[in-house]
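Structural features, examined
Spelled out from the first residue to the last, the chains are:
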Amino acid sequence: MAVFTTVGREVLAGWLDRYEVGVLLDFEGIPSGIENTNYFVAVAPAGAPAPAGRVRPQYVLTLFERLSAAQLPFYLQLMKHLAAAGIPCPDPVPARDGGLWSMLEGKPAALVTRLAGRSNMQPGPAECAQVGALLARMHLAAGSFHADQPNLRGLSWWVDAAPKVRPFLAPGLQQALADEVRAQQRFAQDPAYARLPASAVHADLFRDNVLFDGATLSGVIDFYFAGVDTWLFDLAVTANDWCGDDASGEFVPARLDALLSAYRAHRELTDDERRAWPLMQRAAALRFWLSRLYDLHLPRPAEMVTPKDPTHFERILVSRRIRPHMLDD
């Protein structure tokens, strides 16, 4: 969610004419994130008097900087599917012709509903429990979503990206990165890996992608790293962020227990998942260590973008390799 592509007011107003949402009142770029261009968009009913004061934006406009037009339907249809199943997520708005996306400033673009609430960056066990329950519900709902698109930041991307970021690392970290990529390649070839439950998953359910309205979880956003992967990988990504100490990378037991207990209350893990849990914690840490290294050292130009610190996930990976969390049988 950064601003790589600037959109002018008149251009946006003309683009919105294809939707039955009203007329443009205001819009503003969203500076957080590093992948797509996003704007908050406020509208008013056509022909209605201009409202007094500032109107809360009702929509989020996304211009997709890397995803192709051929890839885009997967993400938008997944959100439609989950919203229909009662998952509180952005609902893509269809245009007058029924399409869920169209071109804007030369980029595929979509308009989705904006959810209430804000992120909680200092969660406690109560918030982690709500996230765990929601994640299990998302997995069960996604089980009936049959579109197929791989996780574009999965193992094949790790293998490709690792040599590109290797020159920016100290020798010891270069070796650790190579060792971990090889370990994950061996893991993916194990027959037990093929038995892990999988479907479309969020794959990026960090604290800044979940909204709370007061103490209640009100929504999950930013599905544009979603792809078909194992449910256990999605759980590990979520646990690493929500349940880890920011300074050390170590799991905070009370938060981790709350998240996993709530998840398992809705969907119990299989024997293969319990055995794979330690390596999957490492896989989730590796994925984000690599992507943050890549974004820091091989960045794209953007009007508003702040790369995130890769050493955070370096610490998490080291921690998971030395002291992995084990699940009970």
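Residues numbered from 1 in each chain as written. Predicted model: local features only at pLDDT ≥ 70, side-chain atom pairs only at ≥ 80, totals over all residues. Heavy atoms only, no water.

1. Some thoughts on the packing of aromatic side chains
Our working definition: We call Phe, Tyr and Trp rings a pair once their centres come within 6.5 Å, taking the six-membered ring for Trp, and we label the pair stacked below 30 degrees between planes, edge-to-face above 60, and tilted otherwise. When accessible area is computed with a 1.4 Å probe and restricted to protein chains, residues below 20% of their type maximum are described as buried, those above 50% as exposed, and intermediate ones as partly exposed. To sit over a ring, a charge needs its Lys NZ or Arg CZ within 6 Å of the ring centre and within 35 degrees of the ring normal.
All chains considered together, the criterion is met by 13 aromatic pairs. Measuring from ring centre to ring centre gives 5.3 Å for phenylalanine 74 and tyrosine 75, while their planes differ by 90°; the resulting arrangement is edge-to-face. The pair phenylalanine 74 / tyrosine 75 is uniform in exposure class, with both members buried. Among the aromatic residues, those joined into a cluster by ring pairs are Phe64, Phe74, Tyr75, Phe145 and Tyr224. Above the face of the phenylalanine 40 ring, arginine 114 is positioned so that its terminal group lies 4.0 Å from the ring centre. The residue whose ring lies beneath arginine 153 is tryptophan 157, and the NZ or CZ to ring-centre distance is 4.3 Å.

2. What about the side chain of arginine 153?
The cut-off we apply is this: The secondary structure listing takes helices from DSSP runs of H or I that are at least 4 residues long and strands from runs of E that are at least 2 residues long, numbered from the N terminus. Note on definitions: a residue-residue contact is assigned when non-hydrogen atoms from the two residues lie within 4.5 Å.
In this structure, arginine 153 sits in the loop between helix H3 (125-142) and helix H4 (155-165). Those residues in contact with arginine 153 that lie beyond four places of it in its chain are Glu35, Arg66, Trp158, Phe225, Arg287 and Ser291.

3. Here's the deal with the packing of H3 against helix H7 (residues 231-242)
The relative placement of two packed helices is expressed as an angle between their axes plus a distance between the axes. Stated precisely, the cut-off is as follows: Angles here are taken between N-to-C directions and fall from 0 to 180 degrees, while the axes themselves are lines fitted to C-alpha atoms, restricted in helices to the stretch in contact. Should an angle fall under 35 degrees it is taken as roughly parallel, and over 145 as roughly antiparallel, whereas 65 to 115 is taken as roughly perpendicular and any remaining angle as oblique. Two helices crossing with the near one rotated counterclockwise from the far one by less than a right angle form a left-handed crossing, whereas a clockwise rotation gives a right-handed crossing. Just so you know the grouping, Ala, Val, Leu, Ile, Met, Phe, Trp, Tyr, Cys and Pro go in nonpolar, Asp, Glu, Lys and Arg go in charged, and all remaining residues, Gly too, go in polar.
At a minimum axis distance of 11 Å, the contact between H3 and H7 shows a crossing angle of 165°. It follows from the interaxial angle that H3 and H7 lie roughly antiparallel. The two elements H3 and H7 meet at a crossing, and its hand is right-handed. Residue-level contacts link Glu127, Cys128, Val131, Leu135 and His139 of H3 to Trp231, Asp234, Leu235, Thr238 and Trp242 of H7. Considered class by class, the residues forming the contact of H3 with H7 number 6 nonpolar, 2 polar and 2 charged.

4. Observations regarding the pattern of salt bridges
Here is the rule we go by: By definition here, a salt bridge exists when the distance from a side-chain nitrogen of Lys or Arg to a carboxyl oxygen of Asp or Glu is within 4 Å.
Following the criterion strictly, the structure yields 20 salt bridges and no others. Of the charged contacts, one joins aspartate 208 and lysine 308 as a salt bridge, the two residues approaching to 3.2 Å between their closest N and O atoms. One end of the pair, aspartate 208, is in the loop between strand E6 (198-201) and strand E7 (210-213); the other, lysine 308, is in the loop between helix H9 (271-297) and helix H10 (311-322), with 100 residues separating them in the sequence. On the basis of relative accessible area, aspartate 208 is assigned to the partly exposed category, the value being 28%. A salt bridge links glutamate 273 to arginine 267; the nearest nitrogen and oxygen atoms lie 2.7 Å apart.

5. Brief notes about helix H2 (residues 72-84)
Basically, it comes down to this: A helix is expected to span 1.5 Å multiplied by its residue count minus one.
The end-to-end C-alpha separation of H2 is 19 Å, in line with the 18 Å expected for 13 residues at 1.5 Å each. The complete set of buried residues in H2 reads Leu72, Phe74, Tyr75, Leu76, Leu78, Met79 and Leu82. Against strand E5 (107-113), H3, E6 and strand E9 (227-230) lie the buried residues of H2. Looking one or two residues past H2, glycine 86 carries a phi angle of roughly 90°, positive in sign.

All we've got here are geometric facts, nothing functional implied.
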